[in-house]
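# Observations on chain architecture
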Amino acid sequence: MNETLLNASCRFALAAMLHDLGKFAERAGLVPPQLDGHKVLYCPVWEGRYSHLHAAHTGLGVDCIEPFLPPIKAGDVAPFGIGQVDDSLINGAGMHHKPETPLQRIIATADRLASGFERSDFENYYNHADEEREEDKGKHVNHRQARQWPILETVNQSGTPVHRLPLQAMSPESLFPVAKREISDSEARQEYAALWGKFVEGMKQIVDQDSWPLWLDHFDTLYLTFTHAIPSATATKKPGGGFMSIPADVSLYDHSKAVAALAVALWRYHEARGTVNEVFCASAWQTWDNHDEQEFLLIQGDFFGIQEFIFSGEGEEAKGAAKLLRGRSFYVSLLTELAALKVLEAFSLPSVCQMTNAAGKFLIVAPNLEDAERRLDAVRLELDRWFLKYTFGQGGIGLAATGASRADFTRTGFGRLTERLFRDLDARKRRRFDLCGATGAPVVFSAFYDHGACPHCGRAPASGDQRGCLLCLDQKDVGARLVKESRLRIGRAIPGEWDLFGYRVGFGEEGVGAVLRDWDFSAPCDGDRPLWNGRARRSINGHVPMRDHALLNFEEIAGSGECGVAALGVLKGDVDDLGLIFQKGLETPTFARMAALSRQLNAFFAVWLPWKCGRDFKNTYTVFAGGDDFFLVGPWLEQIRLAEAMRKEFARYVGGNPALHFCAGLAMAKPGIPVPALAEMAEESLGAAKHHADGKKNAVTCWNRTVSWQKFSRLLAGERELDELVVRLKSEHGVEMSTAYLYGLLHLCDKADSARPEDAIWRSWFTYRSWRFVMDKLRVNDEERRKVYRELFAGKIGRRISEDRGDYKISLFTYLYQRREAS
């Protein structure tokens, strides 16, 4: 890693990331006396008047936060120059609509590519659309009043969304869209002013000003927290004249980060070739999008074998399984983050070049340097050797690299680029470890089992004290510490000590040497509290059930349910057809929109779900949740209730979009069952849901029955109806419902589900058994008996079996297991 080059890349990334800060500052009412001078400097002139006024406010906004930035006017300020006013960092940010130097033109190019513009698109936008031209003020919808479209509501849909994101700092609750409503100008100003004030206060909290990489990583989280719901564009001109409000479905944050990543890659590519001044001079830049040269390298990372990595082992008992499972799950997220850091360091890139990281996958934008493949091969070799040494190849992280030109980021080209990304990653998955190449893996691993196999994974050699292998012991220690810690620091490992890809990891204030990363991974504690604690945040820690500051084991979790059988419920699920959503779901895909889609989808599972469990499902254990999937363990009834709540909340999260949904599988088991068996049961249930209704998905499997989510809710309502029926029998007639009668209904459900003609007799059997129960138990006259039979038995239970047939067993089992004594 070249530290000097990394620091310069951080400064250039910050300038690009702040290029639209003026949109935030202007809407917040930041209008100091020097605004007119900034208009002359930063704003282009169209039809005799200044346009794109937010560029003037960008300079003012940077001036406002400069006291809290690392030094940008003194000392080493490369690639910007000391005393070179034209090429200052502030001008690099503000001149994107009126670029006059090569560095400014690079940021302007990245701005256009992030939005998917081709030259003709941009010229039309530049000449005919702006939210802030002076002569049009008062003639169009106020841009401060426009609110961001939820991008998930637009997937595979046409027309205007009916929801908007609330203009609030990011929190578990503010992630959800709300119904569109009219907002007055004064209310809009107040909302922006309040948000700006919190943003500036957050700037004051960032430490590490002496380290550009650390500081920028912290700032990235701050900017996400306070600009995730600010629309990056809000207005365009109608073909027939006049203006209409078109809130973007891409936030200021997602657009700005995409610009920063693309700008750094562009600058570094040409800086390495010595062609910055040549390619980005005024004359050459007139054809800024006409470049077939693959200047960018999109690097994807994918943790393969996650299931085997987390659920390996045969004999782990319930008392220790929860702690080990938690550690392994955290390890997946941690190793993925560290692999991404390894790639970033190989190219001397800042953290903002890492566009996505969720569910064991990441995407990094790098310059397509001449020796890029050599750098990547070195990282691959180190990752492969670590996984082969400690997991015998049961897990690993693959790296796929895809070259891209500027044309690939235009609206006409980005769809094809996305398809190439998927193909290249799939090809890399089929070439794991490069066993015939430089990895140097032996045909047979050299392992000595002098002390037997590890009792946890059953694979690696145990240590001298036979407590386990090095990896499992560390994972168990991590699992125990996660419930007590909320901060993680990364440094370089000392040769000979335990390391993760050459890094040293410490919790809290533990020493790790020179700090490379400093992450807050605390769980959200309040639905409305901003997710900002003064340092970079990583949502890599889920909710765990606690008692007396200690993690509950699986036996304790199973017994923490409301009543009935002490059993575990395992809930596993993922979003349906995610690959198609990313490839085909957006009408006009762009780089920034893809990043926004990935981030918002991940936030539901990685941010909202752990918070929801901590508030309403406290005994639920989030083994993993992020990206598009989840694996949860808890008391069986709590998992059923949680599955239903998740489905309803996900529908609210995507604005009621019928094209976005997920499948889930529920499995119930005694707590003593080995963890791998639990995972296999959940996987089988999820697989059945994925094949529901000829592959239409959008389903759940529970009690070995697969139904649509709509029917699942109706069946759970049927369980509540059955409970009300039993209560009514007891309160009105003093009759206890017979358990034998209810278990007999399960048999009738099977017959009702059968296609055999002879099984149609279930109706007669139901009538006979129900009437017999009424006759034997109710001490009332015949007329009253017939009324009870018609209303409660035939009218409720009989009707349910007729309508739901075998699926009614979900209602019955859910009711019966709550009242069954533990055995």
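Conventions and cut-offs
Residues numbered from 1 in each chain as written. Predicted model: local features only at pLDDT ≥ 70, side-chain atom pairs only at ≥ 80, totals over all residues. Heavy atoms only, no water. Helix = DSSP H or I, 4+ residues; strand = E, 2+ residues; numbered from the N terminus. Buried < 20%, exposed > 50% of the residue type's maximum accessible area, 1.4 Å probe, protein only. Areas by Shrake-Rupley, 256 points an atom, 1.4 Å probe, with all protein chains shown as cover. Pairing = 2+ DSSP bridges. Contact = heavy atoms within 4.5 Å. Axes fitted to C-alpha atoms, helices over the stretch in contact; angles between N-to-C directions. Disulfide = S-S within 2.5 Å. Parallel < 35°, antiparallel > 145°, perpendicular 65-115°, else oblique. Left-handed = near helix turned anticlockwise from the far one by under 90°. Nonpolar A, V, L, I, M, F, W, Y, C, P; charged D, E, K, R; others polar. Polar contact = N/O pair within 3.5 Å; in protein donor to acceptor, adjacent residues only side chain to side chain. Expected span 1.5 Å × (residues − 1). Arc of directions from axis to C-beta. Lys, Arg positive; Asp, Glu negative; His and termini not counted. Salt bridge = Lys/Arg side-chain N within 4 Å of Asp/Glu carboxyl O. Core = buried A, V, L, I, M, F, W, Y, C linked by side-chain atoms within 4.5 Å. Phe/Tyr/Trp six-rings, centres within 6.5 Å; stacked < 30°, edge-to-face > 60°.

### With respect to the overall build of the protein chain
Helix and strand counts for the protein chain stand at 27 helices and 22 strands. The buried share among the 823 residues of the protein chain stands at 59%. Summing over all exposed atoms, the protein chain offers an accessible surface of approximately 32,000 Å²; the carbon and sulfur share of this is 49%.

### Section: the sheet that holds strand β12 (residues 503–507)
Ordered by their spatial adjacency, four strands build an open sheet running β12-β11-β13-β14, and the pairing between neighbours is mixed. Two strands close off the open sheet at either side, each with one partner strand: β12 and β14 (536–537). The pairing of strand β11 (residues 487–492) with strand β13 (residues 517–520) spans four bridges and is classified as antiparallel. When the sheet's bridge partners are listed, R487 is paired in β13 with D520. Its contacts with the sheet place helix α10 (residues 212–227) against β13 and β14, and it is angled at close to 25 degrees to β13.

### Observations concerning the state of the cysteines
Summed over the entire model, instances satisfying the criterion amount to zero disulfides. You can see C10 has no disulfide; the closest cysteine sulfur is in C353, sitting 8.5 Å from it. Accessibility expressed as a relative area gives 0% for C10, which makes it buried.

### Looking at the packing of helix α24 (residues 739–753) against helix α25 (residues 762–777)
The geometry of α24 relative to α25 is characterised by a closest axis approach of 9 Å and an angle of 165 degrees between their N-to-C directions. In terms of axis orientation, α24 runs roughly antiparallel to α25. As α24 runs across α25, the sense of the crossing is left-handed. For the pair formed by α24 and α25, the contact residues are Y741, G744, L745, H747, L748, K751 and A752 on the first element and W762, W765, F766, R769 and S770 on the second. Residues of the contact of α24 with α25, tallied by class, amount to seven nonpolar, three polar and two charged.

### Focus: the side chain of D804
Following the sequence through the fold, D804 ends up in helix α26 (residues 782–804). For D804, a relative accessible area of 1% translates into the label buried. A polar contact of 2.8 Å, which involves the side chain of D804, links it to the side chain of R714. Those residues in contact with D804, other than ones at most four positions away along the chain, are K711, R714 and L715.

### Considerations on the packing of helix α6 (residues 102–114) against helix α11 (residues 252–273)
At a minimum axis separation of 8 Å, α6 and α11 run at an interaxial angle of 130 degrees. When the axes of α6 and α11 are compared, the pair comes out oblique. The crossing of α6 and α11 is right-handed. Along the contact surface, α6 presents L103, I106, I107, T109, A110, D111, L113 and A114, while α11 presents H255, A258, V259, L262, A263, L266 and W267. By residue class, the composition of the contact of α6 with α11 is 12 nonpolar, two polar and one charged.

### Section: helix α16 (residues 414–429)
Across its 16 residues, α16 extends 23 Å between first and last C-alpha, which sits within 8% of the 22 Å expected from 1.5 Å per residue. Among the residues of α16, those classed as buried are F414, G415, L417, T418, L421, L425 and R428. Taken around the axis of α16, the buried residues stretch over an arc of 165 degrees, which confines them to a single face. Opposite the buried face of α16, by more than 90 degrees, sit the exposed residues R416 and R423. Those residues of α16 hidden inside the fold are in contact with β7 (296–304), α15 (372–391), β10 (396–404), α19 (578–584) and α20 (591–616).

### Regarding the side chain of R428
Following the sequence through the fold, R428 ends up in helix α16. For R428, which is buried and forms no salt bridge, the nearest opposite charge comes from E373, at a distance of 5.0 Å. Each residue touching R428, except ones within four places of it in the same chain, is listed here: R380, G398, L399 and A400.

### A word on the nonpolar core
Ranked by size, the top nonpolar core spans 246 residues in total, and within it F199, F219, F554 and F793 carry the most contacts. Those residues in contact with F793, other than ones at most four positions away along the chain, are L729, M737, Y741, F766, S770, F773, V774, V788 and G798. Counting five residues, the second-largest nonpolar core is a separate cluster that includes L35, C43, L53 and L60.

### Points about the packing of aromatic side chains
Throughout the structure, instances matching the rule amount to 51 aromatic pairs. The interplanar angle of 35 degrees and the centroid separation of 5.8 Å between the aromatic rings of F624 and F631 together place this pair among those described as tilted. Accessibility assignment for this pair places F624 and F631 in one class, buried. Considering the side-chain rings of Y741 and F793, the 5.7 Å spacing of their centres and the 75 degrees angle between planes classify their relative orientation as edge-to-face. A residue pair is termed long-range when its members are at least 10 positions apart, and Y741 in helix α24 and F793 in helix α26 qualify at 52 residues.

### Considerations on the sheet that holds β10
Taken in spatial order, the four strands line up as β8-β9-β7-β10 in an open sheet, and their pairing is antiparallel. Each edge of the open sheet carries a strand with a single partner, namely β8 (354–358) and β10. For this sheet, the mean angle separating the axes of adjacent strands, direction not counted, is 20 degrees. Relative to strand β9 (residues 361–367), β8 is paired through four bridges, and the arrangement is antiparallel. Across the sheet, residue T356 finds its bridge partner in β9, namely L363. The sheet strands contacting α20 are β8 and β9, and the helix crosses β8 at an angle near 30 degrees.

### A look at the environment of D377
For D377, the location among the structural elements is in helix α15. Owing to a relative accessible area of 40%, D377 belongs among the partly exposed residues under this scheme. In this structure, the C-alpha to C-alpha distance between D377 and L399, residues 22 residues apart in sequence, is 9.0 Å.

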